[in-house]
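Coordinate analysis (summary)
Chain residues, written in single-letter form:
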Amino acid sequence: MRLAEKILTAPLGKTYLFSAGQAGFILKSKTGELLAIDLYLSECVERLEGTHGFRRLLPQILLPEELEFDVVICTHPHLDHFDTDAVPGLIANQRTKLFCSVDCEKLVKELHLEYYNRQITYVAPKQHYEVGSFAIDFVDCDHGTGAPDAVGVIVTVDGKKVYEVGDSCLRLDRAISLPRDLNVLIGPINGAYGNMNEEELPQLAELLKPGVTIPCHYGMFASHHGDPGKFYDVMTKMNLPCRLMQLGEGIVL
């Protein structure tokens, strides 16, 4: 069963989180509204970057036209988070709201998406938005000089709080101000390109104490590294709840 079918047939009345690979996740509200974060659906990274280290290693399980999202979020302009081959199709219905960091504006212009300007909002930390059942809070993120305007995001839906760190190094000094009632914490473990590694995400989980921590940003590209087994071992030794999601897996929150 393809991911779109899983999502569309998931019964209403429950809140779901689906893994789309890399740092991509999809939330489905009790009423069937859909929000996507950092979907990488194509092979544009290898095509545009031109190295074997960025060859897609996970299968493509979703096409942009298969689902109509209420909200699409791109936390920063790196192509595995702002998929230039997928974003135009994701907002082509003229209804989907696209929230992206301010440094994504260059990509929007290169893609000639000005026609969709009324659907596009450039965001920064400490900004709050509401779309249907989703309350969206953008928070600080430290992805270094390569993406200085990158953001993390906390999505509240149906009384559940999901925090996707975005691509970031470990910044416990900033995390101190984050909520302590998170149902889900999602963060990278690849330990490259300025991201947390398998030992650092558990430190953030220890501070925030979410209901469950889900690692991401591994398995898609050889050059990105990331060992979910190591992460699991560290979390287990620290007695912290975690879940390793399979590609295309959905869970009820």
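Let us look at the structure shown here. All figures in this text were calculated on a predicted structure; none of them were measured in a lab.

Attention shifts here to the overall build of the protein. Within the protein, the regular secondary structure consists of seven helices and 13 strands. By the compact-globule yardstick of 18 Å for 253 residues, the protein fits well, its C-alpha radius of gyration being 17 Å. Considering only C-alpha atoms, the protein reaches an extent of 50 × 45 × 40 Å along its principal axes. Here the protein holds 253 residues, and 53% of them are scored as buried. Considering only contacts within the protein whose residues lie at least 6 apart along the sequence, 62% involve residues at least 24 apart. Summed over its atoms, the accessible surface of the protein is roughly 10700 Å², and 51% of this surface lies on carbon and sulfur atoms. Between the averaged position of the 23 positive side-chain charges in the protein and that of its 34 negative side-chain charges there is a distance of 5 Å.

The next thing to look at is the sheet that holds strand 13 (residues 250-252). Within a beta sheet, neighbouring strands are joined by backbone hydrogen bonds and run either parallel or antiparallel to one another. Within the open sheet, the seven strands sit side by side as 6-5-4-3-2-1-13. Their pairing is mixed. Taken across any chain shown, the strands that pair with only one partner, and hence form the sheet edges, are strand 6 (120-123) and strand 13. If you compare each strand with its neighbour and ignore which way they point, the axes differ by 20° on average. Pairing between strand 2 (residues 24-28) and strand 3 (residues 34-37): four bridges, direction antiparallel.

Judged by pairing direction, the sheet is mixed, and its six strands sit side by side in the order 7-8-9-10-11-12 without closing on themselves. What marks the edges here is a single partner per strand, and that holds for strand 7 (128-131) and strand 12 (212-216). Ignoring strand direction, the axes of neighbouring strands in this sheet form an average angle of 20°. Pairing of strand 10 (residues 160-164) with strand 11 (residues 184-188), which is carried by three bridges, proceeds in the parallel orientation.

On to unusual backbone geometry. Phi is positive for His112, close to 55°, though the residue is something other than glycine. Following the sequence through the fold, His112 ends up in the loop between helix 4 (105-110) and strand 6. When its relative accessible area of 63% is taken as the criterion, His112 is described as exposed. Positive phi, close to 50°, is recorded for Lys209, a residue that is not glycine.

Tracing the sequence through the fold places Gly219 in the loop between strand 12 and helix 7 (228-237). By relative accessible area, Gly219 is classed as partly exposed at 33%. Sequence-wise, Gly219 and Arg56 are 163 residues apart; in three dimensions their C-alpha atoms are separated by 8.9 Å. If we ignore the near neighbours within four places in the chain, the residues touching Gly219 are Leu57, Leu58 and His225.

This part takes up the environment of Glu33. Structurally, Glu33 can be placed in the loop between strand 2 and strand 3. Taking the relative accessible area as the measure of exposure, Glu33 reaches 16% and is therefore buried. Placed 100 residues apart in sequence, Glu33 and Ser133 show a C-alpha to C-alpha distance of 7.3 Å. Those residues in contact with Glu33, other than ones at most four positions away along the chain, are Leu27, Lys28, Asp70, Val131, Gly132, Ser133 and Phe134. At a separation of 2.8 Å, a polar atom in the side chain of Glu33 contacts the side chain of Thr31.

The next point concerns the packing of aromatic side chains. In this structure the tally under the stated criterion is eight aromatic pairs. Of the aromatic side chains, those joined through ring pairs into one cluster are Tyr40, Phe54, Tyr193 and Phe221.

Rules used in this analysis
- Residues numbered from 1 in each chain as written.
- Predicted model: local features only at pLDDT ≥ 70, side-chain atom pairs only at ≥ 80, totals over all residues.
- Heavy atoms only, no water.
- Helix = DSSP H or I, 4+ residues; strand = E, 2+ residues; numbered from the N terminus.
- Rg over C-alpha atoms; globule rule 2.2 N^0.38 Å.
- Buried < 20%, exposed > 50% of the residue type's maximum accessible area, 1.4 Å probe, protein only.
- Contact = heavy atoms within 4.5 Å.
- Areas by Shrake-Rupley, 256 points an atom, 1.4 Å probe, with all protein chains shown as cover.
- Lys, Arg positive; Asp, Glu negative; His and termini not counted.
- Charge placed at Lys NZ, Arg CZ, Asp CG, Glu CD.
- Pairing = 2+ DSSP bridges.
- Axes fitted to C-alpha atoms, helices over the stretch in contact; angles between N-to-C directions.
- Polar contact = N/O pair within 3.5 Å; in protein donor to acceptor, adjacent residues only side chain to side chain.
- Phe/Tyr/Trp six-rings, centres within 6.5 Å; stacked < 30°, edge-to-face > 60°.

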